[in-house]
Amino acid sequence: MDKYDLGLSKDARIIDVGGGVSTLADDLLRQDYKSITVLDLSKSALSSVKVRLGKTAESVTWLEGDISTIALPEQYYELWHGRAAFHFLVNPEQQQQYLKNLVNALRPGGHVIIGTFALEAPSKCSGLPVHRYSHEQLANALGEDFELKKYDKKLHITPGGVEQMYLYCQFRRIA
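Residues numbered from 1 in each chain as written. Predicted model: local features only at pLDDT ≥ 70, side-chain atom pairs only at ≥ 80, totals over all residues. Heavy atoms only, no water.

Undergrad: In this structure, what is going on with the environment of leucine 119? I would like to understand it.
TA: Within the secondary structure, leucine 119 sits in the loop between strand E5 (106–117) and strand E6 (124–125). Take leucine 119: its relative accessible area is 44%, and that puts it in the partly exposed class. Those residues in contact with leucine 119, other than ones at most four positions away along the chain, are Arg132, Tyr133, Ser134 and Gln137. (Helix = DSSP H or I, 4+ residues; strand = E, 2+ residues; numbered from the N terminus. Buried < 20%, exposed > 50% of the residue type's maximum accessible area, 1.4 Å probe, protein only. Contact = heavy atoms within 4.5 Å.)

Printed below as a string of structure tokens:
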């Protein structure tokens, strides 16, 4: 997160949507962030991270649920980190619900970092269809309430050796 230079206080409320077994919560805790929420569909992924974090897991809020149906607190978060979840929402209604939750839960002036499949990525992941994006397409999906601040791509190689080009975009909510 340091490469994004968001200027967040250590008390900033951060949500990692689709956190899975990523190490973002670990990294944020090591950097002394105090208000971290991790949301994922997978109970086993969340349990795995809790075991990995040990006692420090108690300082994280854990939410098991679907971002397209879960209710989140209004204008609560200062940073929304969407990790590899948005591209699995191939149904327009699910995408709209994700975006509705984003707008509802993120404070005006808040930041969004979304990692999703780039146009060069495979059309499926783990056997599931995905929606691939350019930075322009992702900016259009978020709408005029969000300003694209920066973007980059990174090649991810899965444990099975599959190459997946990811697109990372940073936005700021302007309304």
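Undergrad: What's the story with the nonpolar core in this structure? I'm lost.
TA: One finds Ile67, Trp80, Tyr98, Val112 and Leu142 to be the most contacted residues of the largest nonpolar core, which totals 25 residues. Among the secondary structure elements, those contributing two or more residues to this core are strand E1 (13–17), strand E4 (77–83), helix H3 (92–105), E5, helix H4 (135–142) and strand E9 (163–173). Filtering out sequence-adjacent residues up to four positions away, tryptophan 80 remains in contact with Ile15, Val17, Ile67, Leu72, Tyr98, Asn101, Leu102, Ala105, Leu106, His111, Val112 and Ile113. Core analysis: the next-biggest nonpolar cluster, separate from the first, contains 19 residues, Ile36, Val38, Leu53 and Ile113 among them. (Core = buried A, V, L, I, M, F, W, Y, C linked by side-chain atoms within 4.5 Å.)

Undergrad: Got a minute to help me understand the state of the cysteines in this structure?
TA: The term disulfide refers to a covalent linkage connecting the sulfur atoms of a pair of cysteines. Counted by the stated rule, this structure contains zero disulfides. Of all cysteine sulfurs, the one in cysteine 169 lies closest to cysteine 125, which takes part in no disulfide; the gap is 18 Å. (Disulfide = S-S within 2.5 Å.)

Undergrad: Would you explain the environment of lysine 150 in this entry?
TA: Within the secondary structure layout, lysine 150 lies in strand E8 (residues 146–157). C-alpha of lysine 150 to C-alpha of aspartate 66: the two residues are 84 residues apart in sequence and 27 Å apart in space.

Undergrad: Which parts of the structure should I look at to understand the sheet that holds strand E2 (residues 35–40)?
TA: Remark on secondary structure: sheet strands pair via backbone hydrogen bonds, oriented parallel or antiparallel. The mixed open sheet is built from seven strands, whose spatial order is E3-E2-E1-E4-E5-E9-E8. Edge positions in the sheet fall to strand E3 (60–64) and E8, since each of these pairs with one other strand and no more. On average, each strand axis in the sheet is inclined to that of its neighbour by 15°, with strand direction left out of account. Sheet strands in contact with helix H2 (residues 43–53) are E2 and E3, and its direction is about 160° off that of E3. Contacts from H4 reach E5, E8 and E9 within the one sheet, and its direction differs from that of E9 by about 45°. (Pairing = 2+ DSSP bridges. Axes fitted to C-alpha atoms, helices over the stretch in contact; angles between N-to-C directions.)

Undergrad: Is there a simple way to think about unusual backbone geometry in this case?
TA: With the exception of glycine, most residues fall at negative phi, and the peptide bonds are largely trans. With phi around 45°, glutamine 75 is a residue other than glycine that occupies positive phi space. Residue glutamine 75 is classed as partly exposed on the basis of its relative accessible area, which comes to 38%. Located in the positive-phi region is serine 126, a residue other than glycine, with phi close to 55°. Here serine 126 shows up in the loop between E6 and strand E7 (128–129).

Undergrad: Is there a simple way to think about the packing of aromatic side chains in this case?
TA: The geometry of an aromatic ring pair is captured by two quantities: the separation of the ring centres and the angle between the planes. A full pass over the atoms with the stated rule returns six aromatic pairs. On the basis of an interplanar angle of 50° and a centroid distance of 4.8 Å, the ring pair of phenylalanine 86 and tyrosine 98 is categorised as tilted. Residue phenylalanine 86 is found in the loop between E4 and H3, and its partner tyrosine 98 is found in helix H3; the two are separated by twelve residues along the sequence. Relative accessible area serves as the criterion here: at 0%, tyrosine 98 is assigned to the buried category. With a centroid separation of 5.3 Å and 75° between ring planes, the pair formed by phenylalanine 117 and tyrosine 166 is classed as edge-to-face. You can see phenylalanine 117 sitting in strand E5 and its partner tyrosine 166 sitting in strand E9, a full 49 residues away along the chain. Over the aromatic face of tyrosine 33 sits the side chain of lysine 10, whose NZ or CZ is 4.4 Å from the ring centroid. (Phe/Tyr/Trp six-rings, centres within 6.5 Å; stacked < 30°, edge-to-face > 60°. Lys NZ or Arg CZ within 6 Å of the ring centre and 35° of its normal.)

Undergrad: Even after reading the chapter, I still don't get the pairing of E8, so can you show me in this structure?
TA: Remember that side chains alternate between the two faces of the sheet whenever the strand is regular. Where E8 lies against E9, eleven bridges are found, and the strand directions are antiparallel. From the neighbouring strand, lysine 154 faces E9, where its bridge partner is tyrosine 166. In sequence, E8 turns back onto E9 through a hairpin of five residues, with glycine 161 there showing a positive phi of about 90°.

Undergrad: Help me understand the side chain of aspartate 16, please; the structure alone is not making it clear to me.
TA: Tracing the chain through its elements places aspartate 16 in strand E1. No salt bridge is formed by the buried aspartate 16; its nearest oppositely charged neighbour, arginine 83, is found at 5.9 Å. Within polar-contact distance, the side chain of aspartate 16 engages the side chain of histidine 81 at 2.7 Å. Those residues in contact with aspartate 16, other than ones at most four positions away along the chain, are Ser22, Leu24, Thr37, Val38, Leu39, His81 and Arg83. (Lys, Arg positive; Asp, Glu negative; His and termini not counted. Salt bridge = Lys/Arg side-chain N within 4 Å of Asp/Glu carboxyl O. Polar contact = N/O pair within 3.5 Å; in protein donor to acceptor, adjacent residues only side chain to side chain.)

Don't take any of this as a statement about function, it's just geometry.
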